[in-house]
Amino acid sequence: MNFSKLNSILYICICSVILIIITVSLIFFGKDIYRKKTLILQNQQQIEKNLESKSTFYNDFGKIRTFTSDNSKIPVVFVPIFKYEKDNDPLFEEICQKKTKLQNIMASYFTDKTKKQLNSIGDEAIKNQILLQINEELSMGKIEELYFEEFLILD
C-alpha cells in the first residue's frame, strides 16, 4: 500500500511539473506571438501610410566624405536622403543621371566652410542651404526635404 501511495504522489508530481512547463511555455510563446503580431501590424500600418503618402525617398548616395576649408582639413561624413514626389518619374531619372553632380554640390558646400562656420549655422540651416543648391540644379521637379541619415564633423 505504501508503494501504491508513493506511486500516486510521484504521478501527481510529474503531472504537476508537466502542467507547469506547459503553462510557462504557453505564456512565454504567447507573449512572443503577440509581440510578433504587433510588429507585423505596425509594419503593415507603416507600409499603408507610405503607400498613401505622396512622397518617396532617394537614398542611393551612400556615405559622402569631404573636408572643411580649415587649414587642418577636418573630415565631414554624411549620408543624404532626398524626399520627393512619389509619382515624379522624370525627377527620379534626373536624380539618377545627375547623381555625381549632386554629390559634388553637397560635398563642395562643406569644403567652402570652416568647422566653426558649420557649427554656427546649425544642422537645419545647412540642410536648407544645400537643398536650395540642389533644387537649382534640377529641372524636372524639386526635392521636398533633405535628410541626413548620418552626419559627422570629425576632429
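Please refer to the structure higher up on the page.
This report concerns the structure included in the present document. Everything numeric in this text was worked out from a predicted model, so none of it was measured.

### Focus on the overall build of the protein chain
For the protein chain, the helix and strand inventory stands at five helices and four strands. Here the protein chain holds 155 residues, and the buried ones make up 28% of them. When the accessible surface of the protein chain is totalled, it reaches about 11,100 Å², and 58% of it is carbon and sulfur.

### Comments concerning the pattern of salt bridges
All chains considered together, the criterion is met by seven salt bridges. Between Lys83 and Glu145 there is a salt bridge; the shortest N-O distance is 3.8 Å. One end of the pair, Lys83, is in strand S3 (residues 75-85); the other, Glu145, is in strand S4 (residues 143-153), and 62 residues separate them in sequence. Relative accessible area serves as the criterion here: at 19%, Lys83 is assigned to the buried category. In this structure, Glu94 engages Lys98 in a salt bridge whose closest nitrogen and oxygen atoms are separated by 2.9 Å. On the accessibility criterion, Glu94 (5% relative accessible area) is buried. Each of Glu94, Lys98, Lys101 and Glu137 takes part in one network of salt bridges that share partners.

Conventions we followed
Residues numbered from 1 in each chain as written. Predicted model: local features only at pLDDT ≥ 70, side-chain atom pairs only at ≥ 80, totals over all residues. Heavy atoms only, no water. Helix = DSSP H or I, 4+ residues; strand = E, 2+ residues; numbered from the N terminus. Buried < 20%, exposed > 50% of the residue type's maximum accessible area, 1.4 Å probe, protein only. Areas by Shrake-Rupley, 256 points an atom, 1.4 Å probe, with all protein chains shown as cover. Salt bridge = Lys/Arg side-chain N within 4 Å of Asp/Glu carboxyl O.

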